[in-house]
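A closer look at the structure
Okay, here's what each chain looks like letter by letter:
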Amino acid sequence: GAVVSQHPSRVICKSGTSVKIECRSLDFQATTMFWYRQFPKQSLMLMATSNEGSKATYEQGVEKDKFLINHASLTLSTLTVTSAHPEDSSFYICSARQDPYSPLHFGNGTRLTVT
Amino acid sequence: DAKTTQPPSMDCAEGRAANLPCNHSTISGNEYVYWYRQIHSQGPQYIIHGLKNNETNEMASLIITEDRKSSTLILPHATLRDTAVYYCIVRADQTGANNLFFGTGTRLTVIP
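Report on the accompanying structure. (Residues numbered from 1 in each chain as written. Chains lettered and ligands numbered in written order. Predicted model: local features only at pLDDT ≥ 70, side-chain atom pairs only at ≥ 80, totals over all residues. Heavy atoms only, no water.)

Attention shifts here to the overall build of chain A. Of regular secondary structure, chain A possesses 0 helices and 11 strands. Going from N to C terminus, chain A has its helices and strands arranged as β-β-β-β-β-β-β-β-β-β-β. Over its C-alpha trace chain A gives a radius of gyration of 13 Å, about what one expects of a compact globule, namely 13 Å for 115 residues. Taken along the three principal axes of its C-alpha coordinates, chain A extends 40 × 25 × 20 Å. Across the 115 residues in chain A, those meeting the buried criterion constitute 51%. Partitioning the intrachain contacts of chain A with sequence separation of at least 6 by distance along the chain shows that 53% fall at a separation of at least 24. (Helix = DSSP H or I, 4+ residues; strand = E, 2+ residues; numbered from the N terminus. Rg over C-alpha atoms; globule rule 2.2 N^0.38 Å. Buried < 20%, exposed > 50% of the residue type's maximum accessible area, 1.4 Å probe, protein only. Contact = heavy atoms within 4.5 Å.)

Moving on to the interface of chain A and chain B. Listed per partner, the contact involves 18 residues of chain A and 18 residues of chain B. Both faces combined, the contact of chain A with chain B buries some 1600 Å², and carbon together with sulfur accounts for 55% of it. Here chain A is connected to chain B by 0 salt bridges. Along the contact surface separating chain A from chain B lie 4 residue pairs in polar contact (both at pLDDT 80 or more). The set of elements that each furnish at least two residues to the side of chain A that touches chain B consists of β4 (32–38), β9 (90–96) and β10 (105–106) of chain A. Within the side of chain A that touches chain B, the residues separate by chemical class into 11 nonpolar, 5 polar and 2 charged. (Buried area = accessible area lost by both parts, 1.4 Å probe. Salt bridge = Lys/Arg side-chain N within 4 Å of Asp/Glu carboxyl O. Polar contact = N/O pair within 3.5 Å; in protein donor to acceptor, adjacent residues only side chain to side chain. Nonpolar A, V, L, I, M, F, W, Y, C, P; charged D, E, K, R; others polar.)

Applying the stated criterion across every chain, the model contains 10 aromatic pairs over all chains. Taking the centre distance of 6.5 Å and the plane angle of 25° together, the rings of B:Tyr34 and B:Tyr36 count as stacked. The exposure classification of B:Tyr34 matches that of B:Tyr36, with both residues buried. Taken together, the aromatic side chains of A:Tyr36, A:Phe106, B:Tyr32, B:Tyr34, B:Tyr36, B:Tyr46, B:Tyr87 and B:Phe102 make up a single cluster linked through ring pairs. Looking at A:Lys66, its charged tip hangs above the ring of A:Phe67, at a distance of 6.0 Å from the centre. (Phe/Tyr/Trp six-rings, centres within 6.5 Å; stacked < 30°, edge-to-face > 60°. Lys NZ or Arg CZ within 6 Å of the ring centre and 35° of its normal.)

Moving on to the side chain of B:His49. Along the polypeptide, B:His49 turns up in strand β4 (residues 45–50). Taking the relative accessible area as the measure of exposure, B:His49 reaches 19% and is therefore buried. Separated by 2.6 Å, the side chains of B:His49 and B:Tyr46 make a polar contact. Apart from the residues lying within four places of it in its own chain, the contact partners of B:His49 are A:Pro103, B:Tyr32, B:Val33, B:Tyr34, B:Glu55 and B:Leu62.

All names here are of chain A. Burial along strand β1 (residues 4–7) is one-sided: the face carrying Val4 and Gln6 is buried and the face carrying Ser5 and His7 is not. Summarising the sheet, β1 and strand β3 (residues 19–25) pair through 4 bridges and their orientation is antiparallel. Within the sheet, the bridge partner assigned to Ser5 lies in β3 and is Arg24. (Pairing = 2+ DSSP bridges.)

Now for the nonpolar core. Core analysis: the largest hydrophobic core is formed by 25 residues, its most contacted members being A:Trp35, A:Phe67, A:Leu79, A:Tyr92 and A:Leu112. Listed in part, the 21 residues of the second largest apolar core include B:Val33, B:Ile48, B:Leu75 and B:Leu108. (Core = buried A, V, L, I, M, F, W, Y, C linked by side-chain atoms within 4.5 Å.)

Here's what the structure looks like:
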């Protein structure tokens, strides 16, 4: 079945530094990937839609200059949290699908802790 | 996308069937019902989806009422590993907006 791999699974960084999270579709090509954020005991919130070869579409309230998204190929999207602060500590999850007729499949998430 | 309503929590004895209900009374004719689950500290896992017919796969069965205003996810023989938050989502397929809106879901606890 469709597999989405996310790396790293956990990362701890100091305040002010940047962190890159990778999302790969392992056995299919994905023209569109999605990035979510989940705070403890809350549901997933969509941050942005990542489109291969074009700019990402951000949800209201999500700073595009802080959360940089690059979708350079049909199998890879990256999310870079720039100048991270403790309030950016969260669980970040990506998802992708093969085509409009297929279900979305999710990565296993990245637990980001900013100290 | 149509809004869904699920009970916040349920318990189920290990080995018994777990029946998770979902109300989606404002569902449109072109909207599918999707079920995902999220085990603690993992990404959501796709379980099953359907439009109007009942569906079954190796994980679960999906029963959709004739008027499509509600559905039930059935895990036939619940195990401890089925403890998770289960999300019922309705979404029009084949549209430009491929996003899924996650509500609060049902926290299923399988009890030994």
